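Results of the structural survey
Spelled out from the first residue to the last, the chains are:
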Amino acid sequence: MSVLPTRHRTVAVRGHQIAYREAGPADAPVLLLLHGFPTSSHMFRDLIPPLAGQGYRLIAPDHLGFGRSDAPSAAEFDYTFAELAALTAEFTEALGLDRYALYIQDYGAPIGLRLALAHPERVTAIVTQNGNAYTDGLGAEAWAPVLALIENRTPETEEPVRAIRSLDGIRWQYETGVPAEYRELLSPDAWHHDAALMAREGQDGIQLGLIADYGSNFDLYPAFQEYFRTSRVPLLAVWGEGDQVFVPAGAEAFRRDLPDAEIHLLPTGHFALETHAPRIAELIGDFLKRHART
């Protein structure tokens, strides 16, 4: 298997520079990688090379406000999941992507599934790695402060949510649920990288706005589930079973609407690629060869 370089590029979408990583042959089947909170395409750094070497074209954008993409203030851009999904659709069109499989994680799930609702004919398969579409998947303790903010946004409900994007809050997301034998595989660089980006000027408004809007994704869960039933899209769930944000019941729930969904619970946490990238690459390569629609 060859090892292909990852290129770091940008493209203008609505006048905003969207940064993205790309690797693999230009004419190969596309896997569009959509990251979650509080990270960026950086989370895919260990997954992209092996899959590119298997003959796929990997494209991983940084959502607006994240990573190396532009981060206009909350006064300049309406940070909602509907807007991020629309911007991502325009990103795919700017790159000429009319067919792709989706890899969705955390925030990437409602963004990617909104793409699928808008253009189901473009989506050849879905890989969900702790990317939720069912209320079953919501960890009660982790979601309590977020649900309080969604219900009533006040200075008092904002403060606990701010802690989620602190260095300690981000480290908790990386470490929680990872068994002792895998802890040394976690790179502290990952949470320090995310925390530095989350500490930039303007991030408070950006991230509070998105978290306050997360209820709009709950409203779409029935539509996402109807899409699964009607499209019968091939779906692979590779899920960190120790995740306390999106718990394993969220992975198992996909079988209600997609009885043929492949589900693998891995002994790790929310950011499963930090400890199990080689295994996940193997599972994805095998799955796409067998199931992705051409």
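So, here's what we can say about the structure. (Residues numbered from 1 in each chain as written. Predicted model: local features only at pLDDT ≥ 70, side-chain atom pairs only at ≥ 80, totals over all residues. Heavy atoms only, no water.)

In any sheet, the strands associate via hydrogen bonds between backbone groups, in a parallel or an antiparallel arrangement. Strand order in the open sheet formed by eight strands is 1-2-4-3-5-6-7-8, with mixed pairing between adjacent strands. The sheet is open, and its two edges are formed by strand 1 (7-13) and strand 8 (262-266), each paired on a single side. Within the sheet, the average angular offset between the axes of one strand and its neighbour, ignoring direction, is 20°. Pairing geometry for strand 3 (residues 30-34) and strand 5 (residues 100-104), over four bridges, is parallel. Residue pairing in the sheet places Leu33 in a bridge with Tyr103 of strand 5. Against the sheet, helix 12 (residues 273-291) engages strand 3, strand 5, strand 6 (123-128), strand 7 (235-240) and strand 8, with an angle of about 170° to strand 8. (Pairing = 2+ DSSP bridges. Helix = DSSP H or I, 4+ residues; strand = E, 2+ residues; numbered from the N terminus. Axes fitted to C-alpha atoms, helices over the stretch in contact; angles between N-to-C directions. Contact = heavy atoms within 4.5 Å.)

Right, let's get into the side chain of Thr80. Examined against the element boundaries, Thr80 turns out to sit in the loop between strand 4 (57-61) and helix 2 (81-94). Of the polar contacts made by the side chain of Thr80, one reaches the backbone nitrogen of Glu83; its length is 3.1 Å. Setting aside residues no more than four positions away along its own chain, Thr80 makes contact with Leu210 and Asp213. (Polar contact = N/O pair within 3.5 Å; in protein donor to acceptor, adjacent residues only side chain to side chain.)

The next point concerns the environment of Val11. Note that Val11 resides in strand 1. For the pair formed by Val11 and Gly177, sequence separation is 166 residues and the distance between their alpha carbons is 37 Å. Leaving out residues up to four positions away in the same chain, Val11 has contacts with His16, Gln17, Ile18, Tyr20, Phe91, Ala94 and Leu95.

Core analysis: the largest hydrophobic core is formed by 68 residues, its most contacted members being Phe91, Leu102, Ile126 and Phe228. For this core, the element with the most residues is helix 2, which contributes six residues. With near-sequence residues (within four places) excluded, Leu102 lies in contact with Leu31, Leu32, Leu34, Gly112, Leu115, Val123, Ala125, Ile126 and Val127. In terms of nonpolar packing, the next biggest core, distinct from the first, is built from 28 residues, Ala23, Ile48, Leu51 and Leu288 among them. (Core = buried A, V, L, I, M, F, W, Y, C linked by side-chain atoms within 4.5 Å. Buried < 20%, exposed > 50% of the residue type's maximum accessible area, 1.4 Å probe, protein only.)

What follows concerns the packing of aromatic side chains. This model, assessed by the stated rule, comprises 21 aromatic pairs. Relative to Tyr214, the ring of Tyr107 has its centre 6.1 Å away and its plane inclined at 35°; by these criteria the two rings are tilted. Of this pair, Tyr107 sits in the loop between strand 5 and helix 3 (108-118) while Tyr214 sits in the loop between helix 8 (203-212) and helix 9 (215-231), and the two are 107 residues apart along the sequence. The two residues Tyr107 and Tyr214 agree in class, both being buried. Chaining the aromatic ring pairs together yields one cluster made of Phe37, Phe66, Phe81, Tyr107, Trp143, Tyr214, Phe218, Tyr221, Phe224 and Phe246. (Phe/Tyr/Trp six-rings, centres within 6.5 Å; stacked < 30°, edge-to-face > 60°.)

Turning to the pattern of salt bridges, a few remarks are in order. With the rule as written, the count across this model stands at 20 salt bridges. The shortest N-O distance in the salt bridge between Arg9 and Glu22 comes to 2.9 Å. A residue pair is termed long-range when its members are at least 10 positions apart, and Arg9 in strand 1 and Glu22 in strand 2 (residues 16-23) qualify at 13 residues. In this structure Arg9 comes out as partly exposed when scored by relative accessible area, which is 34%. (Salt bridge = Lys/Arg side-chain N within 4 Å of Asp/Glu carboxyl O.)

Here we come to helix 7 (residues 188-198). Turning to helix 7, its buried residues number three or more, namely Ala190, Trp191, Asp194, Ala195, Leu197 and Met198. The buried residues of helix 7 occupy an angular sector of 165° when the element is viewed end-on, so they sit on one face. Elements that come into contact with the buried residues of helix 7 comprise helix 6 (167-175), helix 8 and helix 12. (Arc of directions from axis to C-beta.)

What follows concerns the side chain of His276. When you line up the elements, His276 lands in helix 12. Setting aside residues up to four positions removed in sequence, His276 forms contacts with Tyr182, Leu266, Pro267 and Thr268.

Next up on the list: the packing of helix 4 (residues 140-151) against helix 8. Two elements in contact, helix 4 and helix 8, have axes separated by 8 Å at closest approach and are oriented at 85°. As summarised for this structure, helix 4 and helix 8 are arranged roughly perpendicular, according to the angle between their axes. Each of Val146, Leu149 and Ile150 in helix 4 lies in contact with helix 8, whose residues at this interface are Leu208, Ile211 and Ala212. Partitioning the contact of helix 4 with helix 8 into residue classes produces six nonpolar, no polar and no charged. (Parallel < 35°, antiparallel > 145°, perpendicular 65-115°, else oblique. Nonpolar A, V, L, I, M, F, W, Y, C, P; charged D, E, K, R; others polar.)

Moving on to the pairing of strand 2. Extensive coverage of strand 2 is indicated by the burial of seven of its eight residues. Inspection of the sheet shows strand 1 paired to strand 2 by seven bridges, in the antiparallel sense. In the sheet register, Thr10 faces strand 2, and the bridge partner there is Ala19. Here strand 1 hands over to strand 2 after two residues, with Arg14 in that stretch at a positive phi of 55°. One ladder, built from four bridges, connects strand 2 with strand 4; its direction is antiparallel. Residue pairing across strands places Glu22 opposite Ile59, the latter belonging to strand 4.

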